[in-house]
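Descriptive structure summary
The residues making up each chain are set out below.
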Amino acid sequence: MNVVKYIAIRLVLGVVFLFVMNQLYLFTFWKGDINQHGDTLENLWVVDTSADAIYFGESSNFHVDEADTMKHRISYALDTLVPNLSIATVDNAGLHAGSYLSLIKNIPDEMNLKFIVVTLNYRSFAANWRYAAFENYLAKSELMMEPSIPILNRFLVSLKLYDYKTEKEREDQMKTAWKNEKFTIPDFEYNNVVEWDSAMAWQTWLNVNSNLNEENLPLASHYIKNFAFSIDTLNNERIEDLNSIVNIGSEKGYKVIFNLLGENTEEAEKLVGKELIYLMEKNRSLLVNYYTSRGVIVVDNFYEIPDSCFVDRSWPTEHYNYQGKRIVAENIKKAIEKNELHN
Amino acid sequence: MIFNSLEYIIFLPLVFILFYVFRHKFRVFILLAASYYFYISWNPAFIILILLSTLIDYGAGLSLEQTESKRSRRLILSLSVCANLGFLFFFKYFNFALENVNEILLAVKGSYEPIKAWDIILPVGISFYTFQTMSYTIDVYNRKTKAEKNFAYFALYVCFFPQLVAGPIERFNNLVPQLKEKADLVIQNISHGGRLILYGLFMKMVIADNLGVFVDSVYGDVAGMNSLSLVIAAVFYSFQIYCDFHGYTTIAIGSAKLFNVNLSENFRTPYLSGSITEFWRNWHITLTTWFRDYIYYPLGGNKGSKLKWAIAILTVFIVSGVWHGAKWTFIIWGGLHALIVLFEKLTTWDRKSKNVFIRFVKWGITFFIVTALWVFFRSSDMDSAVLYFKSLANNWNLELVELTLEPFLLLGLFIITDLATRKKNFAMTLDKVPSVFRGTIYFVLIFLLLSRSGTDMNPFIYFQF
């Protein structure tokens, strides 16, 4: 009995200690730790709490073309296009649905938001991104940002209780997904990334596709690795996170806009072929229909950005010049007006 | 499962509860099952190896006790030692031997197709439990201990989870009688065990893991570092490896204490030593005494001629280096320690002086030597170690390195606690502290553990041995 009493007293003291320690942590190290392990949250801290909306984005929002005279963000363009609304920005490189979800959970309760814009990057559904080495940092950030007890979040980070994997493990995961995540394309012999990419790598396609040459063959391979997949709504973690974002929006009473970014379908078709466009279209329509049916406003920029607006030419990205950014902003603006969110 | 993991935080209290819920005669099975589960969580396949090792030495012990013939006894001992060392050699040294054979053949033949290294995974803790089981068989052979008839207790001696993967290397006569003794649920055991676990986690997660960040960055680019960074990294590594290994041992001792088992002490403020000889009396004590009892004394110790004695010292330290790993850096590290110990013995440098100033100078020199020799221990290969010293000489400037004050403050705090606990361990030292002050110490340690633990959690350094 003495032992039970001894342990019980210490457990109670432990809870009191934990409360005091958490307050002390918030006062001392927390901001520094967020800066080091979850710096995106800092962007949310500086958001004007009187803003009507928040635009959540990744590098597509802030990456600029050196040749551009206008070096503004998509979100800035949007803010200027709808002058009667104040739209704040939260962005960072490499963010995806999981990161946005963590940030959205941290939106201050005192904010009276009308809507949020969440960037939907087609590539972020691919194994290439889902199992990228950078995921370690994002997973760690997500844990640090978890709205529970910050000092415990920090301790869990030190125990690596987030989706931590070595580079080798990530690479293996990616390769396994490329092999096992099948897709079906009518009258086409390849049904996974490995087979398709191998055929490319062996340069047999140089004879088939006149647009391919030794120089742009690696880019064609990147297109396959980044765009050739079939979204599985039951198992793709991005879908789960996006669904949670939709649920939070309904709970908190603001509209959710998914901003599906434009992809360079012109180049994808030129380098890889119509089979890839077939898959991309299948995924695009799935995303649009799936979320529209759940009450989300989906801004579909998928085919809207011309090839000339894409900045990176050696890797498929959604980095646009200002003209491309402006197209996206205008499409969001139209959606806002159509749904009467601007009043 | 490692000590600084959520799994262990759940596992240990569960085993603790089960242990005290059951009657004494079942407890050995609880601990045995828990220990095998603990080991299986690393790699299930290697349980076969540990079981094999257990069976061989259990059988060898019983056979030795039943055999009177000297020749037969020697044969049994040889078979057991060969089997144990055979496992160790295969898993730990085979590729190293192959690599050296390749190099020799290449040098002799000129052109030669090297034999490819085998894909061998080192079973965690093999060096520790192999030495532990060997000590048992040798002790039975020397009639210093009686053979254990109860297989469960013997198996538990080999795999008792708190000390299974990185020691302390226990002797049969110390561990098994304690395991057999009926343990009552005593508050002091819980309190001392808990304190030691807390202090061990603090050493590992707050001190070692934080110092390790800078050490890794420096050793990752030795050529590009200035001398100040290299010096700081060397000093940090001295404390990183100490806190890492001492931390592990302290958690092991604390965990065992919960089951009323007192494991052997492994460290006694080694960095306060005034000579390398003294350092080895205070560093990894259970390994040092193992080498003393099973290699140094059988080779004659200090009883024979000076040459014989010098050979014994050299052998012990080189074997110690080899024990740590299959790399030339470890062998050089052990060999250099041996040469310094020989020098100290021959010049009586290791004798304690009454003069405080001389003692301080000797302490400084000893710390400097130990720290410098750790460079070999830490470097991935001999070229890297040589590059470290070359860079130290060539990049000599004292420009401030990019390093925050935090690791220095944490190190300072650790040094204070280490000095305060130099006579008695952390748990016993706290017994004499007023409860308010004790509460403050708990608060500070837990706060630092929760908020300042390293975020690039690494496994314990000694797990690789």
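Fair warning: this is a prediction, and the values are worked out from it, not measured in the lab.

What about the overall build of chain B?
- Along its length, chain B carries 19 helices and 0 strands.
- Taking 465 residues into account, the globule formula puts the C-alpha radius of gyration at 23 Å, and chain B, at 23 Å, falls close to it.
- When the backbone C-alpha atoms are referred to their principal axes, chain B occupies close to 70 × 65 × 50 Å.
- The burial tally for chain B puts 56% of its 465 residues in the buried class.

Observations regarding the sheet that holds strand S5 (residues 297-300) of chain A
All names here are of chain A.
- Pairing within the open sheet is parallel, and its 5 strands lie in the order S2-S1-S3-S4-S5. Each having just a single partner strand, strand S2 (87-91) and S5 make up the two edges of the open sheet. Across the sheet, the mean angle separating the axes of adjacent strands is 20 degrees when strand polarity is ignored.
- Across 6 bridges, strand S3 (residues 115-120) lies against strand S4 (residues 255-260) in parallel orientation. Directly across from Ile116, in S4, lies its bridge partner Val256.
- Together, strand S1 (53-57), S3, S4 and S5 form the strand contacts of helix H17 (residues 322-338), whose direction differs from that of S5 by roughly 150 degrees.

Here's the deal with the interface of chain B and chain A
- Each partner contributes residues to the interface: chain B has 23 residues there, and chain A has 25 residues.
- A buried area of about 2,100 Å², summed over both sides, lies between chain B and chain A, and 77% of it is on carbon and sulfur atoms.
- On inspection of chain B and its partner chain A, the count reaches 1 salt bridge.
- The partner of Arg452 of chain B in a salt bridge is Asp33 of chain A, with the nearest N and O atoms 2.9 Å apart.
- For the pair chain B and chain A, the number of links is 4 residue pairs in polar contact (both at pLDDT 80 or more).
- Looking at the side of chain B that touches chain A, the elements with two or more residues in it are helix H1 (6-21), helix H9 (187-219) and helix H19 (435-452) of chain B.
- No other element matches H19 of chain B, which puts 9 residues into the side of chain B that touches chain A.
- Across the side of chain B that touches chain A, the residue classes tally to 13 nonpolar, 8 polar and 2 charged.

Some thoughts on the packing of helix H6 (residues 97-105) of chain A against helix H14 (residues 237-252) of chain A
Residue and element names in this part refer to chain A.
- Remark: H6 packs on H14, axes separated minimally by 8 Å, with the N-to-C direction vectors making an angle of 25 degrees. By the criterion of interaxial angle, the relationship of H6 to H14 is roughly parallel. In the packing of H6 onto H14, the handedness of the crossing is left-handed. Mapping the contact onto sequence places Ala97, Gly98, Tyr100, Leu101, Ile104 and Lys105 in H6 and Arg238, Asp241, Leu242, Ser244, Ile245 and Ile248 in H14.
- Here the contact of H6 with H14 is built from residues that sort into 7 nonpolar, 2 polar and 3 charged.

A few points about the confidence of the model for chain B
Residue and element names in this part refer to chain B.
- In the predicted model, chain B carries a mean pLDDT of 89, and 99% of its residues have values of at least 70.
- Element-level pLDDT for chain B is lowest in helix H4 (residues 70-109), with a mean of 86, against a maximum mean of 95 in helix H6 (residues 151-159).
- Overall fold confidence for the complex sits at a pTM of 0.86, while the interface term, ipTM, reaches 0.84.

What about the side chain of Asn321 of chain A?
- Summarising the element assignment, Asn321 of chain A is placed in the loop between S5 and H17.
- For Asn321 of chain A, a relative accessible area of 12% puts it in the buried group.

Calculation criteria
Residues numbered from 1 in each chain as written. Chains lettered and ligands numbered in written order. Predicted model: local features only at pLDDT ≥ 70, side-chain atom pairs only at ≥ 80, totals over all residues. Heavy atoms only, no water. Helix = DSSP H or I, 4+ residues; strand = E, 2+ residues; numbered from the N terminus. Rg over C-alpha atoms; globule rule 2.2 N^0.38 Å. Buried < 20%, exposed > 50% of the residue type's maximum accessible area, 1.4 Å probe, protein only. Pairing = 2+ DSSP bridges. Axes fitted to C-alpha atoms, helices over the stretch in contact; angles between N-to-C directions. Contact = heavy atoms within 4.5 Å. Buried area = accessible area lost by both parts, 1.4 Å probe. Salt bridge = Lys/Arg side-chain N within 4 Å of Asp/Glu carboxyl O. Polar contact = N/O pair within 3.5 Å; in protein donor to acceptor, adjacent residues only side chain to side chain. Nonpolar A, V, L, I, M, F, W, Y, C, P; charged D, E, K, R; others polar. Parallel < 35°, antiparallel > 145°, perpendicular 65-115°, else oblique. Left-handed = near helix turned anticlockwise from the far one by under 90°. pLDDT = per-residue confidence, 0-100.

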